[in-house]
Amino acid sequence: MSLVTGIGGVFFKSRNPPDLARWYREVLDMPTDPGSASWAFPWRDASGEPGYTVWGVFRASTSYFGNNGQIFMINLRVSDLDAALTRLRAAGAQVDDRIETTEEGRFGWFYDPDGRRVELWEPAPIK
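Conventions used here
For every chain, the first residue of the written sequence is number 1, and numbering continues from 1 onward in sequence order. In view of the model being predicted, local features appear only for residues whose pLDDT reaches at least 70, and side-chain atom pairs are presented and counted only at 80 or more, with totals across whole chains, interfaces and linings using the full set of residues. As a rule here, side-chain values come from all non-hydrogen atoms in the structure, and water together with hydrogens is ignored. Secondary structure elements follow DSSP: runs of H or I no shorter than four residues count as helices, runs of E no shorter than two count as strands, and numbering proceeds from the N terminus. Expected helix span is given by 1.5 Å per residue-to-residue step, counting one fewer step than there are residues. Throughout, exposure labels follow a simple rule: accessible area from a 1.4 Å probe, protein chains only, divided by the maximum for the residue type, with under 20% read as buried, over 50% as exposed, and the rest as partly exposed. Note: the arc covers the axis-to-C-beta directions of the helix. Put simply, a nonpolar core is a bunch of buried Ala, Val, Leu, Ile, Met, Phe, Trp, Tyr and Cys residues held in one set by side-chain atoms that sit within 4.5 Å of each other. Contacts are assigned to residue pairs that have any heavy atoms within 4.5 Å of one another. Salt bridge, as used here, is a side-chain nitrogen of Lys or Arg placed within 4 Å of a carboxyl oxygen of Asp or Glu.

**Q** Lay out helix α1 (residues 17–28) in plain terms, naming residues and giving numbers.
**A** Look at α1: 16 Å from first C-alpha to last across 12 residues, which is about the 16 Å you get at 1.5 Å a residue. Along α1, the positions that sit buried rather than exposed are P17, L20, A21, W23, Y24, V27 and L28. Projection of α1 onto a plane perpendicular to its axis shows the buried side chains occupying an angular sector of 155°, all on one side.

As structure tokens, then:
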């Protein structure tokens, strides 16, 4: 059995964590806590054990990540890629025109207000 069963958390820096968290809550309906810039997504593994994935927004001045120049991209699973991209465009987000379709599903990309490229994934239907 693998020790890694999913994404435990995604953490990144922002000039204004509360504003960025509010943007994600308003534009993509992410279940953020209005009093915090971090939140958790609950899930259950194959055996039914509960878990969660943490999304944490840190102040730009944090030294928690070590290398201040660290760059990464996150992947967000969506139920309807076209609707998500439409909503992002309506909110004024920069959205890539390209959509990639693979055996795993459909992928699209956008840039959040901090200029961070984010990947969206609509999983392929389970056969």
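**Q** Quick rundown of the nonpolar core? Include the residues and the values.
**A** Grouped together as the largest cluster of nonpolar side chains are 25 residues, with contacts concentrated most on Y24, W55, L76, L88, F110 and L120. Only β1 (9–14), α1, β3 (50–59), β4 (74–77), α2 (81–90) and β8 (117–123) provide two or more residues apiece to this core. Here this core takes 6 residues from α1, the largest share from any one element. When neighbours within four sequence positions are excluded, F110 is seen to be in contact with W23, Y24, L28, L88, Q94, V95, R116, R117, V118 and L120.

**Q** Residue-level account of unusual backbone geometry, with values.
**A** The backbone of D29 sits at a positive phi, close to 55°, despite the residue not being glycine. Here D29 shows up in the loop between α1 and β2 (38–44).

**Q** Account for the pattern of salt bridges, naming residues and giving values.
**A** The full count for this structure, using the stated rule, is 10 salt bridges. D96 serves as the salt-bridge partner of R117, at 3.3 Å between the closest nitrogen and oxygen. With R117 in strand β8 and D96 in the loop between β5 (94–95) and β6 (100–102), this residue pair connects regions lying 21 residues apart in the sequence. Residue R117 is classed as partly exposed on the basis of its relative accessible area, which comes to 26%. Of the residues examined, D96 reaches a relative accessible area of 18% and is grouped as buried. When salt bridges that share partners are traced, they join D19, R22 and E26 into one network.

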